[in-house]
Amino acid sequence: MPRGYAHGTSFRKFGGPEKRLNLLRTLVNVLIKHERIETTFAKAHEAQKYTNRLIEIAKRGTDDAYSRDMIKFWAPREEIQSKLLNDLVPRFKENKSDFTRLAVLSKQYCAEPRQSFHRYAVLELKGNPLPPLPIQEKNPHTLQNVLIAAAQEEMFNKKES
Amino acid sequence: MICLKVAQRSLNFGSLLVANSFRCVSTSPALLGVPKNQKSSEVKRKTRHNVGVYHRLLKSMHMLVICDGCGNLHKKYHMCNTCYDQTRFETQAVRAVLNEKGADLSSQTVLQYKDDIKEHLRLGKGDKSQVVNIEDRKRPAGWFNPRMWNKL
């Protein structure tokens, strides 16, 4: 059985390795189909990492045996495979790693009574056609952020040389 | 002799009392604290219901912040409920229309509201675009910033 994340990182257990993988696989497939889901914060946080990795693998293409195996396991149904390769890969051509967005909700929207004391969250794919979430993201065009970005580039260039 | 304010459990046999005196005061079981009298119902009622400054039931809501879009209060780092209710209503309407057709969401779907001009919509080239018509109402404005639509 796969052990989990690499050295130094942490992951949530979700009741065992088999249950965990099945849970995450369903969440990833449902996200790719509906493009916006409401779950507990823990499930959404974990599923976010796996969807980002899956889309990164799909961008490479199906020439690799590794990428083929991964896509076969994580998206076994053909509808979702076709959506992944034909729809999402050209959408995220310019993005390197950020394909999803996580936001915290209030607990009113939780329908199940067993999960009503967990934090509730919304997970969505970026660039979806649905009406937007009321979130204010960081503006890269403010003076502070422009200066910070320039300073980061300097640091990066200094390290290389 | 060590004097304690709370009652001590006394043993009947004198030999055990002598043995206890060599032990440490804090760990011997004969010198633990114990209630002397039963708590009356009035005293119990006071501890539960007499609300003071540091009462357990008085917890204030911290981190309340005003929403920029609608002006209501919400917890910091959480989403505003009134704003999210609007998005949820609209998404459910879109999903109902798609369920009737039997179609799925894709990046080629475009939402067309009542008074939208077709040229301003981002329709794909050719027949790939999937238009979802909502004829009941106009495109929602206000806290839906038009720059946020169709944004990565």
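Residues numbered from 1 in each chain as written. Chains lettered and ligands numbered in written order. Predicted model: local features only at pLDDT ≥ 70, side-chain atom pairs only at ≥ 80, totals over all residues. Heavy atoms only, no water.

Draft legend 1. Summary view of the interface of chain B and chain A. Opposite the 26 residues of chain B that make contact, chain A presents 28 residues. Of the roughly 2600 Å² buried between chain B and chain A on both sides combined, carbon and sulfur atoms contribute 59%. Our count for the chain B to chain A interface comes out at eleven residue pairs in polar contact (both at pLDDT 80 or more). Counting residues per element, the ones that place at least two in the side of chain B that touches chain A are α3 (81-101) and β3 (109-112) of chain B. Sort the elements by how many residues they give to the side of chain B that touches chain A and α3(B) lands first, with ten residues. Partitioning the side of chain B that touches chain A into residue classes produces eleven nonpolar, eight polar and seven charged. (Contact = heavy atoms within 4.5 Å. Buried area = accessible area lost by both parts, 1.4 Å probe. Polar contact = N/O pair within 3.5 Å; in protein donor to acceptor, adjacent residues only side chain to side chain. Helix = DSSP H or I, 4+ residues; strand = E, 2+ residues; numbered from the N terminus. Nonpolar A, V, L, I, M, F, W, Y, C, P; charged D, E, K, R; others polar.)

Draft legend 2. Expanded view of the packing of helix α2 (residues 41-60) of chain A against helix α4 (residues 78-91) of chain A. Residue and element names in this part refer to chain A. For the pair α2 and α4, the least separation of the axes is 10 Å and the interaxial angle reads 95°. Between α2 and α4, the crossing angle belongs to the class labelled roughly perpendicular. From α2, Leu54, Ile55, Ala58 and Lys59 reach across to α4, where they touch Leu84, Leu85 and Val89. Classifying every residue of the contact of α2 with α4 by side-chain character gives six nonpolar, no polar and one charged. (Axes fitted to C-alpha atoms, helices over the stretch in contact; angles between N-to-C directions. Parallel < 35°, antiparallel > 145°, perpendicular 65-115°, else oblique.)

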